[in-house]
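Listed here are the chains, written in short residue letters.
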Amino acid sequence: MPKLIAGNWKMHGLNFEAEALARAIKAGAAGVSPERATLLVCPPFTALATVGAALLGSPILLGAQDCHPKPEGAYTGDISAPMLHDLGVRFVILGHSERRSTHDESDALVQAKVVAAHAAGLIPIVCVGETLAERDAGRADDVIGSQLAASLPADLAAAGGVIAYEPIWAIGSGRTPTAKQVSAMHTVIRSDLVRRFRGAGRDLPILYGGSVKPDNARAILALPEVGGALIGGASLKAEDFLTIAKAA
Ligand code: PGA
């Protein structure tokens, strides 16, 4: 299966900048083997249409960074999953630690968003991750286990989805877990998925995210059970993003 190489642009990029970045990635994507890597970019809501248009005719997929759990209604300022689908969006990042912390998103809310994403025909990328204090206290496995249990709906495997393991202390910090720590956690997540979803749990891709850069991508992507990467900072430079994709 090709590795999923996903760029999370976060709150970066006016339309002219997002368009230039999308065009640069599209131009360089010819050098990335589609058997090895599937490219996905997740710009802010305001740049989705521009980036979608810039990527037309390329295999690069479009994703969003959040959605509301309801398809429509009196929710001022929110964006629903059908609205994203309408723009050509195919994936949506849900439960990113930045939303769990700055918007108080609970596991239950994340699960409701996953259900909404499925109903609109989107593939959710559900993020889980522990804090440094939780890891130091030896609680990382438990924290991830309870996030998975409460954030994933019972039909996740049937409806499709991606898990992203993103240790909070590795996001934007330049620090990454050791290969052993990444492998150990991905193995824990895989057994959890297989326990819950049986055979279908084997096929759900598990991405690693947190300070993935051109110089560590090869080692991370070579680890067993690492099905791709969710990349923040390094996805804002076409060259770095493409170098990571080529490392797959
Ligand atoms: P980072 O962000 O690559 O900048 O650490 C990853 C993420 O938050 O998804």
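Counting restarts for each chain: residues are numbered from 1 in the order of the written sequence. Residues qualify for local features only when their pLDDT is at least 70, as the model is predicted, and side-chain atom pairs are given and counted only at 80 or more; totals for whole chains, interfaces and linings, by contrast, use all residues. Values reported for side chains reflect all heavy atoms of the structure, with hydrogen atoms and water molecules removed beforehand.

## Details of unusual backbone geometry
For clarity, the cut-off: In DSSP terms, a helix is any run of H or I states spanning at least four residues, a strand is any run of E spanning at least two, and both are numbered starting from the N terminus.
In this structure, K10 takes a positive phi of about 50° despite not being glycine. By secondary structure assignment, the location of K10 is in the loop between β1 (3–8) and α1 (15–28). Backbone geometry at E225 places phi at a positive 75°, although glycine is not the residue there. Relative to the elements of secondary structure, E225 occurs in the loop between α10 (214–221) and β8 (228–231).

## Looking at the nonpolar core
Stated precisely, the cut-off is as follows: What makes a nonpolar core is a set of buried Ala, Val, Leu, Ile, Met, Phe, Trp, Tyr and Cys residues whose side-chain atoms join them at distances within 4.5 Å. Here's how the labels work: a residue is buried when its accessible area is under 20% of the maximum for its type, exposed when over 50%, partly exposed in between, all with a 1.4 Å probe on protein chains only. We call two residues contacting when some pair of their heavy atoms lies within 4.5 Å.
Formed by 66 residues in total, the largest nonpolar core has its most connected members in I5, I25 and I189. The biggest single contributor to this core is helix α11 (residues 238–247), with six residues. The contacts of I5, once residues within four sequence positions are left out, are A37, T38, L39, L40, L221, A229, I231, F241, I244, A245 and A248.

## Overview of the pairing of strand β5 (residues 123–128)
What counts, and what does not: At least two DSSP bridges between two strands are needed for those strands to be called paired.
When you tally the buried positions in β5, you get five out of six residues, the bulk of the element. Sheet topology note: the strand β4 (residues 91–94)/β5 ladder contains four bridges and is parallel. Paired with L94 across the bridge in β5 is V126. Relative to strand β6 (residues 162–165), β5 runs parallel, the two sharing four bridges. Along β6, the bridge assignment pairs C127 with A164.

## Structural notes on the sheet that holds β1
Worth spelling out the cut-off: Inter-axis angles, ranging from 0 to 180 degrees, are taken between N-to-C directions of lines fitted to C-alpha atoms, where helices are fitted over the stretch in contact.
Here we have eight strands rolled up into a closed barrel, ordered β1-β2-β3-β4-β5-β6-β7-β8, and parallel in their pairing. Strand-to-strand, the axes of this sheet are offset by a mean angle of 25°, without reference to chain direction. Inspection of the sheet shows strand β7 (residues 206–209) paired to β8 by three bridges, in the parallel sense. For L207, the partnering residue across the bridge sits in β8 and is G228. Lying on the sheet, helix α7 (residues 140–151) is in contact with β5 and β6; it crosses β5 at an angle near 150°. Along the sheet, helix α9 (residues 179–197) makes contact with β5, β6 and β7, crossing β7 at roughly 150°.

## Looking at the side chain of D66
As a reminder of what qualifies: Here a polar contact is taken to be a pair of N or O atoms separated by no more than 3.5 Å, where protein atoms must pair a possible hydrogen donor with a possible acceptor and residues adjacent in sequence count only if both atoms sit in side chains.
One can find D66 in the loop between β3 (61–64) and α3 (81–86). Its relative accessible area of 9% is what places D66 among the buried residues. Reaching out from D66, the side chain makes a polar contact with the side chain of K113 at a distance of 2.7 Å.

## Quick word on the pattern of salt bridges
Keep this limit in mind: By convention in these notes, a salt bridge is any Lys or Arg side-chain nitrogen within 4 Å of a carboxyl oxygen on Asp or Glu.
Counted by the stated rule, this structure contains 10 salt bridges. The closest approach of N and O atoms between E98 and K10, which form a salt bridge, is 2.8 Å. Placement of the pair is E98 in helix α4 (residues 97–102) and K10 in the loop between β1 and α1, with a sequence separation of 88 residues. A relative accessible area of 32% means that E98 is categorised as partly exposed. Between E105 and K113 there is a salt bridge whose closest N-O contact spans 2.7 Å. The burial state of E105 is the same as that of K113; both residues are buried. Here the salt bridges share partners, and the residues they tie into one network are D66, R99, E105 and K113.

## Let's talk about α7
In plain terms, the rule: Multiplying one less than the number of residues by 1.5 Å gives the expected span of a helix.
Compared with an ideal rise of 1.5 Å per residue, which puts 12 residues at 16 Å, α7 spans 16 Å between its outermost C-alpha atoms and is within 8% of the ideal. Buried residues of α7: A140, V143, I144, G145, Q147, L148 and S151, and no others. On the buried face of α7, the contacting elements are α4, α5 (107–119), β5, α6 (132–136), β6 and α9.

## Focus on the site of the ligand
Formally: Working definition: residue near molecule or strand if any one of its non-hydrogen atoms lies within 4 Å of it. Basically, the charged four are Asp, Glu, Lys and Arg, the nonpolar ten are Ala, Val, Leu, Ile, Met, Phe, Trp, Tyr, Cys and Pro, and anything else, Gly included, counts as polar.
The environment of the ligand is formed by 13 residues, the closest being K10, H96, E166, G172 and S211. For the ligand, an oxygen atom lies 2.7 Å from a polar atom in the side chain of H96. At 2.6 Å from an oxygen atom of the ligand is found a main-chain nitrogen or oxygen belonging to G172. For the shell around the ligand, the class distribution of residues is four nonpolar, seven polar and two charged.

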